[in-house]
Amino acid sequence: MVLPLNIPAHQYFTDKTPTFALSSSNNSELITEIGIWNRQHKAGKVLESNGGFFLEDSSMRVPDVAWIHIDRWNALSKAEKRSFPRMAPDFVIELKSETDALSDLQAKMTKWVENGVRLAWLICPDSQTTYIYELGKPQLIMHFEETLSGGEVLVAFSVRLSDILEY
């Protein structure tokens, strides 16, 4: 069965293509960092790149990494947890691969935030930059040598991408 992945409200289902080894490795590093922080703080649930969400605009989106605050996770029924929840995660990461168009990913990030994501990072290894999106705030751009902060969403989380990613 083919499931919808990153489907705008007006389109149909598509197959998900696999990622190259380097992108997969980098995504694993990102999930590990968020997972270690989350285990220490018991703040929510981390979902990897197969977890999909139906958003307010009726689209389905699948981020590379997602995080949901524990109160929102606990409010989901078992049936919702065993499906594609109708909600936006609190935090998402999209990792640009060699085949992604930056403009497409930037539009995707805007959609995430418009649909309720509180903090979103678009990580671009080729330029060693991260685009940071937050509702009601101007987009920020940070270099991999700088320390990213989880701010008010991932409280006490920070990471320097140059320490964990290969590019």
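In short, a report on the structure. All values derive from a computational prediction rather than experimental measurement. (Residues numbered from 1 in each chain as written. Predicted model: local features only at pLDDT ≥ 70, side-chain atom pairs only at ≥ 80, totals over all residues. Heavy atoms only, no water.)

1. Some points on the overall build of the chain
Counting its regular elements, the chain contains four helices and ten strands. Its helices and strands in sequence order give the chain the pattern α-β-β-β-β-α-α-β-α-β-β-β-β-β, from N to C terminus. Along the first, second and third principal axes, the C-alpha atoms of the chain reach 40 × 35 × 30 Å. Within the chain, the fraction of its 167 residues that count as buried is 44%. In the chain, the share of contacts with a sequence separation of at least 24, taken over all contacts with a separation of at least 6, comes to 51%. If you sum the accessible surface of the chain, you get close to 9,200 Å²; carbon and sulfur atoms cover 52% of it. Averaging the coordinates of the 16 positive side-chain charges in the chain and doing the same for the 22 negative ones gives two points 9 Å apart. (Helix = DSSP H or I, 4+ residues; strand = E, 2+ residues; numbered from the N terminus. Buried < 20%, exposed > 50% of the residue type's maximum accessible area, 1.4 Å probe, protein only. Contact = heavy atoms within 4.5 Å. Areas by Shrake-Rupley, 256 points an atom, 1.4 Å probe, with all protein chains shown as cover. Lys, Arg positive; Asp, Glu negative; His and termini not counted. Charge placed at Lys NZ, Arg CZ, Asp CG, Glu CD.)

2. A closer look at the packing of aromatic side chains
Tallied over the full model, the rule gives seven aromatic pairs. Residues Phe91 and Trp121 carry aromatic rings whose centres are separated by 5.0 Å and whose planes lie at 85° to one another, so their mutual orientation is edge-to-face. Linking Phe91 in strand E5 (residues 91-95) with Trp121 in strand E6 (residues 119-124), this pair joins segments that are 30 residues apart in sequence. An identical accessibility class is assigned to Phe91 and Trp121; each is buried. Sitting over the face of the ring of Phe54, Arg86 holds its NZ or CZ atom 4.6 Å from the ring centroid. (Phe/Tyr/Trp six-rings, centres within 6.5 Å; stacked < 30°, edge-to-face > 60°. Lys NZ or Arg CZ within 6 Å of the ring centre and 35° of its normal.)

3. A short note on helix H4 (residues 102-114)
With 13 residues, H4 should cover 18 Å at 1.5 Å per step; its first-to-last C-alpha distance of 18 Å lies within 8% of that length. Restricting attention to buried positions, one finds in H4 the residues Leu105, Lys108, Met109, Trp112 and Val113. Seen along its axis, H4 keeps its buried residues to an arc of 135°; they face one direction. Away from its buried face by more than 90 degrees, H4 exposes Asp104 and Glu114. Against the buried residues of H4 lie strand E2 (53-54), strand E3 (60-61), E5, E6 and strand E7 (129-134). Phi for Gly116, located one or two positions after H4, is positive at around 115°. (Expected span 1.5 Å × (residues − 1). Arc of directions from axis to C-beta.)

4. So, helix H1 (residues 21-41)
The end-to-end C-alpha distance of H1, which contains 21 residues, comes to 30 Å, matching closely the 30 Å that a straight helix rising 1.5 Å per residue would cover. Taken together, the buried positions of H1 are occupied by Ser23, Asn26, Asn27, Leu30, Ile34, Trp37 and Asn38. All buried residues of H1 fall inside an arc of 110° around its axis, so they share one side. Along H1, the residues that are exposed and aim more than 90 degrees away from the buried face are Ala21, Arg39 and Gln40.

5. Topic: the pattern of salt bridges
Going through the model one piece at a time under the given rule, you end up with eight salt bridges. With a closest N to O distance of 3.0 Å, Asp90 and Arg72 form a salt bridge. Of this pair, Asp90 sits in the loop between helix H3 (78-81) and E5 while Arg72 sits in helix H2 (residues 70-75), and the two are 18 residues apart along the sequence. Residue Asp90 is classed as buried on the basis of its relative accessible area, which comes to 2%. (Salt bridge = Lys/Arg side-chain N within 4 Å of Asp/Glu carboxyl O.)

6. Details of the sheet that holds strand E4 (residues 65-69)
If you walk across this open sheet you meet the six strands as E1-E4-E5-E6-E7-E8, and the pairing is mixed. Among the strands making up the open sheet, the edge pair consists of strand E1 (44-47) and strand E8 (140-143). Put simply, the sheet's adjacent strands are angled 15° from each other on average, direction ignored. Bridge count between E6 and E7: six bridges; the pairing is antiparallel. What sits directly across from Leu122, in E7, is Tyr131. Across the face of the sheet, H4 comes into contact with E5, E6 and E7 while running at roughly 170° to E6. (Pairing = 2+ DSSP bridges. Axes fitted to C-alpha atoms, helices over the stretch in contact; angles between N-to-C directions.)

By themselves, these figures tell us nothing about what the structure is for.
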